[in-house]
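# Residue-level structure breakdown
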Amino acid sequence: MEIQNAIPRRSFHSAIPSIRIPKTNLFSKLPQIHSPKWASLKIHYSSSSYSHTLISKRNLQCRNSVDKVEYNKGVSDKPKAKIRRKNLAVFVSGGGSNFRSIYEATLNGSVHGGVVVLVTNKHDCGGAEYAGDKSIPVIVFPGKKDSKEVFSTEDLVTALRSYKVDFILLAGYLKLIPVELVRAYPKSILNIHPSLLPAFGGKGYYGMKVHEAVIASGARYSGPTIHYVDEQYDTGRILAQRVVPVLAKDTAQELASRVLHEEHKLYVDVAAALCEERITWREDGVPLIQSKENPNEYW
Ligand SMILES: Nc1nc2c(c(=O)[nH]1)N[C@@H](CN(C=O)c1ccc(C(=O)N[C@@H](CCC(=O)O)C(=O)O)cc1)CN2
Ligand SMILES: NCC(=O)N[C@@H]1O[C@H](COP(=O)([O-])[O-])[C@@H](O)[C@H]1O
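These remarks concern the structure in this document.

Definitions and cut-offs
Residues numbered from 1 in each chain as written. Chains lettered and ligands numbered in written order. Predicted model: local features only at pLDDT ≥ 70, side-chain atom pairs only at ≥ 80, totals over all residues. Heavy atoms only, no water. Near = heavy atom within 4 Å. Polar contact = N/O pair within 3.5 Å; in protein donor to acceptor, adjacent residues only side chain to side chain. Areas by Shrake-Rupley, 256 points an atom, 1.4 Å probe, with all protein chains shown as cover. 1 Å grid on protein atoms, 1.4 Å probe; cavity = no way out; pocket = protein on both sides within 12 Å on 5 of 7 lines; lining within 4 Å. Sits in = over half its atoms within 2 Å of the grid points. Helix = DSSP H or I, 4+ residues; strand = E, 2+ residues; numbered from the N terminus. Nonpolar A, V, L, I, M, F, W, Y, C, P; charged D, E, K, R; others polar. Axes fitted to C-alpha atoms, helices over the stretch in contact; angles between N-to-C directions. Left-handed = near helix turned anticlockwise from the far one by under 90°. Contact = heavy atoms within 4.5 Å.

Ligand 1 sits among 21 residues. The nearest are Lys175, Asn191, Gly204, Asp230 and Tyr233. Asn191 places a polar side-chain atom, nitrogen or oxygen, 2.7 Å from an oxygen atom of ligand 1. Within the side chain of His193, an N or O atom sits 3.1 Å from an oxygen atom of ligand 1. Considered on its own, ligand 1 offers 710 Å² of accessible surface; in the complex 85% of this is hidden by protein. When each cavity is represented as a set of grid points, ligand 1 is found to reside in the largest pocket. No other element matches strand 5 (residues 189-193), which puts 3 residues into the shell around ligand 1. Among the residues forming the shell around ligand 1, the class breakdown is 10 nonpolar, 6 polar and 5 charged.

Encoded structure:
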């Protein structure tokens, strides 16, 4: 993981320097925090003007809403205004169109949350560039194999905790999430996959490879799946799916575009439910989403 020019935050965590992005250079104003562990952290951003958001401690009081749901054995019936905005980390490896959809939804109020950090294994991918343009901190994880800067999963968890991340949304992230991170965020990591799992999932099934396999199989339907992340690829509990027709003369690219269009809508709807605490768990362990329009219905 890489974060550079770490800018010490008013210390909620004296051991963890902020990687907030200031309007003006705050180095001179805030206590300098030097730690060899963090010295190797590099953050990449491209735009020159940054917004500095000093978040009051009050706003950072957070609680994992899934605990609340499980504890209450139901979903929250609080009005949205009474529900704390959730902090989201998004993980990408490529263009980041799902990330952009989610980010825009947080701005227009569809999603009651904010993207507080972007994590990527490719520092120069489209998603990272977009995050930099929007002054969203970018963490590179895992770092390059030959990089002398070794940054453990534990360090990544510490960095995510420093942002008070409530939920992690994988959106085209192509590396296996280490078990330590899965365990650090129980029932709080989602992934979107471009097929109707469990079909066409698992190691080797990503990006266009998925759509090529669907076309080759003769399947008449495909569509995105959003699932909880466990320790293997694509085996976590399914939370939501949308069905998309596979047309007789579809190319893999045409199918990919049709599925991606549905992905964007589905991920925003699921992120909205997550942030409004409308996820509940059935007795048999299947997660359900409470309908916003009719609280007596689930999907
Ligand atoms: N612990 C988990 N980590 C991740 C999951 C998951 O369900 N559990 N989902 C993936 C996303 N994904 C499918 O939705 C997926 C991504 C990548 C691969 C894959 O085979 N990757 C290759 C490497 C590809 C590359 O580096 O370019 C591999 O591991 O050999 C399969 C499925 C995200 N992480
Ligand atoms: N198995 C994981 C996988 O294939 N994920 C897929 O990568 C694409 C990322 O697009 P984006 O970067 O434009 O959001 C999406 O289609 C997503 O479903």
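Glancing now at the packing of helix 3 (residues 97-108) against helix 8 (residues 252-275). One can describe the packing of helix 3 onto helix 8 by two numbers: an axis separation of 9 Å at closest approach and a directional angle of 40°. Crossing handedness for the pair helix 3 and helix 8: right-handed. Contacts between helix 3 and helix 8 pair Ser97, Asn98, Ser101, Ile102 and Ala105 from the former with Leu260, Glu263, His264, Tyr267 and Val268 from the latter. Taken together, the residues of the contact of helix 3 with helix 8 sort by class into 5 nonpolar, 4 polar and 1 charged.

Residues in contact with ligand 2 amount to 13 residues; listed here are only the nearest, Gly96, Ser97, Asn98, Gly207 and Glu263. At 2.5 Å from an oxygen atom of ligand 2 is found a side-chain nitrogen or oxygen belonging to Ser97. Asn98 places a polar main-chain atom, nitrogen or oxygen, 3.0 Å from an oxygen atom of ligand 2. For ligand 2, whose unbound accessible area comes to 450 Å², protein coverage reaches 86%. Among the secondary structure elements, those contributing two or more residues to the shell around ligand 2 are helix 3, strand 5 and helix 8. Of the residues in the shell around ligand 2, the class split is 5 nonpolar, 7 polar and 1 charged.

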